[in-house]
Amino acid sequence: MQSQILPWRLPQPVYRIMGATLGGAIYLLGGLNAAGTTIADVEVVDPATATVTPAGLLAEPTHGGAAVTVGDRILVFGGASTTVHTDIQAFDPGTKSTQIVGQLPGPRADLSAASVGSEVLLLGGFDGTGPLQSILAAPDAISFHLSGQLAEPVRYPAVAVDQGEVYLFGGLLSGGEYTGTFTTAIERVDPATGTATVVANLPVPLAHAMAAVLGGHILLIGGSTPSGPSAEVYVFEPGNNTLSPIGSLPEPVTDGTVVVVGQTAYVLGGISAAPIATVIAVHLIRPPS
């Protein structure tokens, strides 16, 4: 694995931002700025030209939501500002406009989302009182119903999809967002039955991490450990449920977003010693052994 900080940056430091791809471009939506203010900005990132351009605004400022590309729109589920949201927002890059197109069954932030076939799953999160254990599913990405339960209630898990199954890595079980109790669990979720099973454990408790499928491998990137932000990158092999270190980022990053374009995973924003505007490119230079 090889990673490097790119010479171009985001317009401002941002974390708990939502990221998605559409048409080979990266869209960054909402988040928290360096002052801790929830923003509504939508930026489009073109990795080919190393440019970041304003693309519009969300209908409602939000951070800690989840974003999924559905057709020619990007849907943003929940999140929070002064309160935890139920809104489903749809951003249309063609018109650079956002509309609220639906409501979740209840408030949900600090969640992860996964697209499996024609269905969108929302996993874990926070309802304003505590971590959530429920898995929600919607064939139309709008009308969500209870699909199952995670092995444990969790906020800020990392998520990746492999061979139609969803994998969750770590997360916050209780207490402060960066000082609370993190889990070591790696869960596999079967979308067909809504069942979740702990299939392995992380070497250290972890939350706020990022996961991406790159070159057919699941990478687990950065995050928060009990001792602070991590620069570690691991590869997880679903075939035998093993997790192995594969390299490290140039700097620790937690609470950013990761988006894959082609053969590169881009880690955008997050927190190191402070909120950052950094863009890090991660490449697999050879298959992990």
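Quick look at the structure, then. (Residues numbered from 1 in each chain as written. Predicted model: local features only at pLDDT ≥ 70, side-chain atom pairs only at ≥ 80, totals over all residues. Heavy atoms only, no water.)

Structural notes on the overall build of the protein chain
Okay, so step 1: Helices and strands together make up the secondary structure of the protein chain, namely zero helices and 29 strands.
Okay, so step 2: Seen along its three principal axes, the alpha-carbon backbone of the protein chain occupies a region of about 45 × 45 × 35 Å.
Okay, so step 3: Of the contacts made within the protein chain by residues no fewer than 6 positions apart, 45% connect residues no fewer than 24 positions apart.
Okay, so step 4: Carbon and sulfur atoms make up 51% of the accessible area of the protein chain, which totals about 10,900 Å².
Okay, so step 5: Of the side chains in the protein chain, 8 bear a positive and 21 a negative charge, and the two mean positions are spaced by 4 Å. (Helix = DSSP H or I, 4+ residues; strand = E, 2+ residues; numbered from the N terminus. Contact = heavy atoms within 4.5 Å. Areas by Shrake-Rupley, 256 points an atom, 1.4 Å probe, with all protein chains shown as cover. Lys, Arg positive; Asp, Glu negative; His and termini not counted. Charge placed at Lys NZ, Arg CZ, Asp CG, Glu CD.)

Regarding the sheet that holds strand β3 (residues 18-22)
Okay, so step 1: Taken together, the four strands give an open sheet; going across it, the order is β3-β4-β6-β7, and neighbouring strands pair in antiparallel fashion. Bordering the open sheet on either side are β3 and β7 (51-57), each of which pairs with just one other strand. Within this sheet the neighbouring strands show an average axis-to-axis angle of 25 degrees, counted without direction.
Okay, so step 2: As defined by bridge partners, strand β6 (residues 41-46) adjoins β7 across six bridges and the pair is classed as antiparallel. Bridge pairing in β7 links D41 to L57. (Pairing = 2+ DSSP bridges. Axes fitted to C-alpha atoms, helices over the stretch in contact; angles between N-to-C directions.)

Quick notes on the sheet that holds strand β27 (residues 257-261)
Okay, so step 1: Reading across from one edge, β1-β29-β28-β27 is the order of the four strands in this open sheet, with antiparallel pairing throughout. Only two strands of the sheet have a single neighbouring strand rather than two, namely β1 (2-5) and β27. Across the sheet, the mean angle from the axis of one strand to that of its neighbour is 20 degrees, orientation sign disregarded.
Okay, so step 2: Where β1 lies against strand β29 (residues 279-283), four bridges are found, and the strand directions are antiparallel. Within the sheet, the bridge partner assigned to Q4 lies in β29 and is A281.

Regarding unusual backbone geometry
Okay, so step 1: Here the phi dihedral of R16 falls at roughly 50 degrees; this positive angle occurs in a residue that is not glycine.
Okay, so step 2: Take R16: its relative accessible area is 8%, and that puts it in the buried class.
Okay, so step 3: Positioned with a positive phi, A141 is a non-glycine residue whose angle comes to about 65 degrees.
Okay, so step 4: Positionally, A141 belongs in the loop between β14 (134-138) and β15 (145-149). (Buried < 20%, exposed > 50% of the residue type's maximum accessible area, 1.4 Å probe, protein only.)

Brief notes about the packing of aromatic side chains
Okay, so step 1: Evaluation of the coordinates by the stated rule reveals four aromatic pairs.
Okay, so step 2: Judged by centre distance (5.9 Å) and plane angle (55 degrees), the rings of Y27 and F91 are tilted. Remark: F91 occurs in strand β10 (residues 87-92) and Y27 occurs in strand β4 (residues 25-29); sequence separation between them is 64 residues. Like Y27, the residue F91 is buried in the burial classification.
Okay, so step 3: Consider the rings of F169 and F236, whose centres lie 5.4 Å apart with planes at 80 degrees: the pair is edge-to-face. One end of the pair, F169, is in strand β17 (residues 165-169); the other, F236, is in strand β25 (residues 232-237), with 67 residues separating them in the sequence. (Phe/Tyr/Trp six-rings, centres within 6.5 Å; stacked < 30°, edge-to-face > 60°.)

Quick look at the pattern of salt bridges
Okay, so step 1: Here the structure, examined in full by the defined rule, presents five salt bridges.
Okay, so step 2: Ionic pairing is found between R16 and D255, a salt bridge with its closest N-O pair at 2.9 Å. In this pair, R16 is assigned in the loop between β2 (14-15) and β3 and D255 in the loop between β26 (242-248) and β27, connecting sequence segments 239 residues apart. For the pair R16 and D255, one class covers both residues: buried.
Okay, so step 3: Close ionic contact of R188 with E165 constitutes a salt bridge, the shortest N to O distance being 3.9 Å. A residue pair is termed long-range when its members are at least 10 positions apart, and R188 in strand β19 (residues 181-190) and E165 in strand β17 qualify at 23 residues. (Salt bridge = Lys/Arg side-chain N within 4 Å of Asp/Glu carboxyl O.)

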